[in-house]
Amino acid sequence: MIRENSLSSRLFDVSNHLFLAGFALLCLLPLIHIFAVSLSGRGPANGGFVSFWPLDFTLENYDQVIGSSVFLRSLFISFQRVVLGVSLNMTLIVLCAYPLSKSPLVFRGRSVLIWVFVFAMLFDGGLIPTFLVVRSLGLLNKLGALILPGAVPIFSVILMMNFFREIPRELEESALIDGASHWKVLWHIYLPLSLPAIATLTLFAAVGHWNNWFDGLIYMTDSNNYPMQTYLRTVVVELDLTRVGVTPQELLRLSDRAIRGAQIIVATVPILVVYPFLQRYFISGIRLGAVKE
């Protein structure tokens, strides 16, 4: 590819980089502000004097957050949800995508099943029917209510199916001729060759489970069973200070605004830690969006 070095091309590149840098800065500034507030003392935080640098620097807000049993309980529930939910998601995604990636000559009824999946993806059961099903199964206030309704992310199944279809069929045919079963073909051929797709979909599933707050609000009638994001929504949006775990005496020397900021930062750290390790799979995973018939 020959790159044009004209003045207009260079101006476009500079403008493009400036625009992207400015957009990235707009995304980072709110997080930087929250971080600065979380490290600030009671007076500057409550008075709204903190911008992007902490005033009256203190770590007491983080000490309060880490020592809060309510916060740690919600954090543990979210970790459980991510580990169990992502494991179940990826298992079902692979088990659904592998047979659907076969041709209709190999797997009869494939086209019908694909249309069933697509229909279920476009038209879900609705909030009230889903809630009634979860309640009838006795899953209210249980971890299963946060995991089972979304156990099969259909869009991810379609993406994984398309990735499996790009794997050369000669590899599978040679393994089957040598006596390998479909389980061995899946385990020893498809999965090792699909690590970029698996890593990308795993990250999507993990972020989805970690950031989801609405289902916790619907299915958890006991606030002690709230996952992290539902807990933060209750504290930040509804300003329910009883959920912060701070006594009135502690509020005389600490800022509830700074404590909420510290909770938001602590809840953001796990995702920020995971992203750098899986980011390298994103470029190779972009082509997952190509849909084949």
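Residues numbered from 1 in each chain as written. Predicted model: local features only at pLDDT ≥ 70, side-chain atom pairs only at ≥ 80, totals over all residues. Heavy atoms only, no water.

Draft legend 1. Spotlight on helix H8 (residues 154-165). With 12 residues, H8 should cover 16 Å at 1.5 Å per step; its first-to-last C-alpha distance of 17 Å lies within 8% of that length. Most of H8 sits inside the fold, with 10 of its 12 residues counted as buried. Within H8, the full set of buried residues consists of Ile154, Ser156, Val157, Ile158, Leu159, Met160, Met161, Asn162, Phe163 and Phe164. Looking at the buried residues of H8, the elements they touch are helix H4 (69-100), helix H5 (110-122), helix H9 (169-177), helix H10 (182-193) and helix H11 (195-211). (Helix = DSSP H or I, 4+ residues; strand = E, 2+ residues; numbered from the N terminus. Expected span 1.5 Å × (residues − 1). Buried < 20%, exposed > 50% of the residue type's maximum accessible area, 1.4 Å probe, protein only. Contact = heavy atoms within 4.5 Å.)

Draft legend 2. Focus on the packing of aromatic side chains. Tallied over the entire structure, the rule returns 8 aromatic pairs. A centroid spacing of 6.0 Å and a plane angle of 65° characterise the contact between phenylalanine 71 and tyrosine 231, whose relative ring orientation is edge-to-face. With phenylalanine 71 in helix H4 and tyrosine 231 in helix H13 (residues 228-236), this pair connects stretches of sequence that are 160 residues apart. Residue phenylalanine 71 is classed as buried on the basis of its relative accessible area, which comes to 1%. In this structure tyrosine 231 comes out as buried when scored by relative accessible area, which is 0%. Ring pairs connect the aromatic residues Tyr98, Phe164 and Tyr190, which therefore count as one cluster. (Phe/Tyr/Trp six-rings, centres within 6.5 Å; stacked < 30°, edge-to-face > 60°.)

Draft legend 3. Structural view of a nonpolar patch on the surface. Nonpolar side chains collect at one region of the surface, where Phe119, Met121, Leu122, Phe123 and Phe155 lie side by side and expose about 560 Å² of accessible area between them. Sort the elements by how many residues they give to the nonpolar patch and H5 lands first, with 3 residues. Mapped onto the fold, leucine 122 is located in helix H5. A relative accessible area of 58% means that leucine 122 is categorised as exposed. (Patch = residues over 30% accessible without salt bridge, like charges linked within 9 Å, V, L, I, M, F, W, Y side chains within 5 Å. Areas by Shrake-Rupley, 256 points an atom, 1.4 Å probe, with all protein chains shown as cover. Salt bridge = Lys/Arg side-chain N within 4 Å of Asp/Glu carboxyl O.)

Draft legend 4. Region of interest: the environment of histidine 182. Position of histidine 182 relative to the elements: it lies in helix H10. On a C-alpha basis, the gap between histidine 182 and proline 99 in space is 9.5 Å, while along the polypeptide they are 83 residues apart. Those residues in contact with histidine 182 that sit more than four places away from it in its chain are Tyr98, Glu172 and Leu176.

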